[in-house]
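Structural overview
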Amino acid sequence: MSSRHLRLWIMPTQLGSLTSTVAAKALRGFNRRNPGVDLEIRVVPWSIAWREILKALKRGEPPDVLQVGTTWMGTLSHLGFLDEVPDWVEERPCLAPWLDQAVQFGGTRLGVPWVAECSGLIARQDMLTRFNATPEDVATWDGFLALCHRIAEGARRDAIDPLHPLPVGITCRPEPVTLHNLASWLWAGGWDLGQLLDGSSPILSHESARPGFEILSHLLKVNRTDNDMGAIQPYRLSQDFYEEGRFVFLIGHSWKIVKGLLDPATSKDLRWPITYLPIPAGPAGSVQRGGGSALVVPRRSQQTDAAWTLVRHMISDEFMMEWTQASGDLPAHECGFWDDQERRSALAPLLAGIRSARIYPAHPMWATIESLLGKGLSDILWSILAGESIDDRTQDLARSVDAELNALLRMGWDLGDVR
Amino acid sequence: MKRLAEVDLGRVGTMAALRLCTPDTSYRIFQVAGLEIHKGMAGAVEQVRIYLKNSEGVLCEEALVDRQGGMEGSDIIPLYQLAPELVKSHQVWQHGLGNQYEVLVPLVSQGELVGLVALVSFQSFPDEVLELLPQFAQGLVVGVVLVLRSREAERSESLLRAATTTARALQSASGAETLLGNFAVMAVEEMGFDRATFLVLGDDGKNVRKAICARAGSGLVELTTVPDFPDLDTPAKDHLPGLWIPMRVGARLLGALFVDNLYSVEPLPEDAVQVLSDLSGQAALALENSRLIDRLREAALRDDLTGLYRPNYFNERASEELANCLRRGDSTGLLMLDLDRFKEINDTWGHPVGDQVLIRVAERMRTCLRVGDIACRKGGDEFIILVPGLNAERGRRLAERLLEDVWNNPVELSGGRAIRISLSVGVALFPDHGDNWMDFWQHADDALYQAKTAGRSRYALWGEEVSLVSHSPVQG
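The rules behind these values
- Residues numbered from 1 in each chain as written.
- Chains lettered and ligands numbered in written order.
- Predicted model: local features only at pLDDT ≥ 70, side-chain atom pairs only at ≥ 80, totals over all residues.
- Helix = DSSP H or I, 4+ residues; strand = E, 2+ residues; numbered from the N terminus.
- Rg over C-alpha atoms; globule rule 2.2 N^0.38 Å.
- Buried ≥ 20, exposed ≤ 12 C-beta atoms within 10 Å, placed from the backbone.
- Contact = placed C-beta atoms within 7 Å.
- Pairing = 2+ DSSP bridges.
- Axes fitted to C-alpha atoms, helices over the stretch in contact; angles between N-to-C directions.
- pLDDT = per-residue confidence, 0-100.
- Core = buried A, V, L, I, M, F, W, Y, C linked by C-beta atoms within 7 Å.
- Nonpolar A, V, L, I, M, F, W, Y, C, P; charged D, E, K, R; others polar.
- Arc of directions from axis to C-beta.

Here we take up the overall build of chain A. The helix and strand inventory of chain A stands at 21 helices and 12 strands. Computed over its C-alpha atoms, the radius of gyration of chain A comes to 22 Å, within 12% of the 22 Å expected for a compact globule of 419 residues. Principal-axis analysis of the C-alpha atoms gives chain A an extent of 65 × 55 × 30 Å. Burial statistics for chain A: of 419 residues in total, 51% are counted as buried. Restricting to contacts in chain A with at least 6 residues of sequence separation, those with at least 24 account for 79%.

Looking only at helices and strands, chain B features 11 helices and 20 strands. In terms of its C-alpha atoms, chain B occupies a principal-axis envelope of roughly 120 × 50 × 35 Å. Burial statistics for chain B: of 476 residues in total, 37% are counted as buried. The long-range share in chain B, meaning contacts at least 24 apart out of those at least 6 apart in sequence, stands at 58%.

Residues and elements named next belong to chain B. Strand order in the open sheet formed by 5 strands is S10-S9-S8-S12-S11, with antiparallel pairing between adjacent strands. On the outer flanks of this sheet lie strand S10 (218-222) and strand S11 (242-249), each paired with one strand and no other. Taking the axes of each pair of neighbouring strands and ignoring which way they run, one obtains an average angle of 15 degrees across the sheet. The sheet contacts of helix H5 (residues 176-189) involve strand S8 (195-201), strand S9 (208-215), S10 and strand S12 (252-260), and relative to S9 the element is tilted by about 35 degrees. Each of S11 and S12 touches helix H6 (residues 270-301); the most contacted strand, S11, lies at about 35 degrees to it.

What follows is about the confidence of the model for chain A. When pLDDT is averaged along chain A, the result is 89, and 97% of the positions lie at 70 or above. No element of chain A has a lower mean pLDDT than helix H14 (residues 264-269) of chain A, which averages 60, and none a higher one than strand S3 (residues 65-69) of chain A, which averages 97.

The next point concerns the nonpolar core. Counting 215 residues, the largest nonpolar core has Val311 of chain A together with Ala187 of chain B as its most contacted members. Per-element accounting of this core gives the leading share, 12 residues, to helix H4 (residues 127-172) of chain B. Discounting residues that sit within four places of it in the chain, valine 311 of chain A has contacts with Val65, Val89, Val112, Leu295 and Val297 of chain A. Of all hydrophobic cores here, the second largest spans 44 residues; its members include Leu334, Cys376, Leu403 and Leu429 of chain B.

All right, on to the pairing of strand S14 (residues 374-379) of chain B then. All names here are of chain B. Judged from the 5 bridges that link them, S14 and strand S15 (residues 382-388) form a sheet pairing that is antiparallel. From the neighbouring strand, alanine 375 faces S15, where its bridge partner is isoleucine 385. Where S14 folds back on S15, the antiparallel hairpin that results is connected by 2 residues, among which glycine 380 adopts a positive phi of roughly 50 degrees.

The partner chain B presents 33 residues to the 33 residues of chain A that form the contact. Elements with a contribution of two residues or more to the side of chain A that touches chain B: helix H3 (46-59), helix H20 (366-385) and helix H21 (390-410) of chain A. The greatest single-element share of the side of chain A that touches chain B, amounting to 7 residues, is contributed by H3 of chain A. A class-by-class count of the residues in the side of chain A that touches chain B yields 19 nonpolar, 8 polar and 6 charged.

Another point: helix H19 (residues 348-355) of chain A. Residue and element names in this part refer to chain A. Taken as a whole, H19 has its buried residues at Leu350, Gly353 and Ile354. Along the long axis of H19, the arc covered by the buried residues comes to 100 degrees, so they all point the same way. On its buried face, H19 sits against strand S6 (112-118), strand S7 (120-124), strand S10 (274-277) and strand S11 (290-296).

Okay, here's the thing in structure tokens:
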């Protein structure tokens, strides 16, 4: 390659401000093999990344390679911003079919799955041992709820006490993260969002959502979640779990477990041993929410070949071994990381979760839908916190959210046929 | 932490402010300022986070700087989540954060909260430090205000550029369609909206005549699914990520423009909406003028009585069509029509009834013809039709259809009477029956004459026998 400037935007991992440094280190191999390429890395925070990326694409000045959330692919494809992935970029298959579906539109592959994740229950192993609870005991809603009741009996509520923790950390903030954490519970109850986005169906007020609201209502009650706890910020909730031992369970993602397994130094830093468990099965089984991110090259990039060469490097064994070790992000492809049988067996529950996970529909208006659903779900949870009945007030709220969502969906007059 | 009480915190704030005095207004300068604060506070704090209040009144983190380095901020704090003492009285606020302590230092300019600095430490901040922190804030706020003003100026300048470009595009547009298309595209490309949709009302001011949409990443499309025209008197719903801008001339509503950020979920910038709103008045006027010109032009081209084209325009279009046919090797057809016994109708029923007959014939012709066919009233009761792509077989069928259709749709008169109308039609094909306009015309005229003289209600294709259409030419 001749001398050129290549811009890469990625989002921060749990490494926070070190993300850029670690990425630069992991990209040494690429720099060595492409001495003429001047690689600039920008770490764009998740919370502003979507707007920043669209702004850059709309201005026609995007970076050459972008990390994007899998749920953003539908919009980026619809707006025609992405270059098609050349055949030579990916050598090995993805871990699960949904990872391919997330980047494929009308038979055209527009992104390369990079890291995969799935939601689940992160549990304090010491507490599971103390309560004699096995993974099977919490495999169903009933079993999980019964254990939560036992934990709640001895929980301290006047202060954070890691020896007498609350059952489960749940936040009810009006943000998409509330939807991300709780969608699995609604799905496990039989709710199927993808079937309901036709602009006229009931969505949150659909009868299939009711079992999910019931279990969430039970969880909020057994936890005796109050307004302060409901309003807690997700990062603080995570901190309360990992640093303070405030809860036995956290609904979230698995990176800390991966990192603990791969990096014993980090593992020692954990104040309590933690383990990953699938979301307990409801009437429709156990459903994990799949997610992660993909690498894409904008069509407006001036150097698509060099950009795709960088993408190929970023999914290579050489890069991913170092990246996963440092960040806890799991590779989305079968690769050297997963070839290690010992590691594969240790991560088996997580891998099974990823393989069977469900994703959000790839709707071009997803960001707006997600924002409304997050807010609507939050309103419903707050009404439950306020002691309102699921039959009355919750249904009213759900219908009102549905009216907003359907009005929004009807505005998609330029969408044509949406996959 | 005790040492922090000995540090000149006012100077630390000023030094950090100096780092903000650069032409760059991005988050990067806040990383640099954060590092300066770290250095100035002599390692007493673990983390420095700098927030600025945005136009929606929300505090957005610009940078997070810790012992390991700095990164772009990602946190967002709505004001209602902060202690009222901080928001209203602008007091420094300390609170516990797990095993750490966080001090929130309000940045205030002219009595208004413009930002916030969060300092995180493993030790509690003693009162003597808390008392010094307003000095630190006073130093820092100078730089913060400068950045805010620079960003505002950048945005205004960019908006002004966009408004100028859009206004020019409106002025240079020729025709209503181009004008609306330009306006929608400008709203997306220059103003930065995700989509701009135009609903244009028809002359009745109620039904949507046309719907076009421009969206980020792709050009202009005409919508096949036409959205309902909004009730512009009802306030827009808050949850919808867009806004309708009416297009009026005086009290008359011509249409509406909908701009939205449906995909990016970006709040609609009020100033850009205002600019579009102002420009929409200009666009509405231009649209009205353009429509008026279109109408005048159309009126000049059409026969007053029947609404069919006048001969001048017909001849112009016909010579264009013939030139195209010669270039592409296509065929075209010419039909000449003459009403049978029209003089009798005029003499018997009077000229007003004769006019009704002509109107009815023109109306039936329009029903039988395709969009690209050109029909003209040549004069009196004579009509000509140019039919691109016509061959002999289709020519016969069309002539038969015209004769049948006109016959089957009589003009109703008072007292339950009706006048049935019969025609004679001559058909010629180009280039088979003449490869120049004169011959082509003459042969169609000859065929008409042949049909007419053979007994009326007949048609003839030039060079063939006359055909009779089986109904009798009676007046009822």
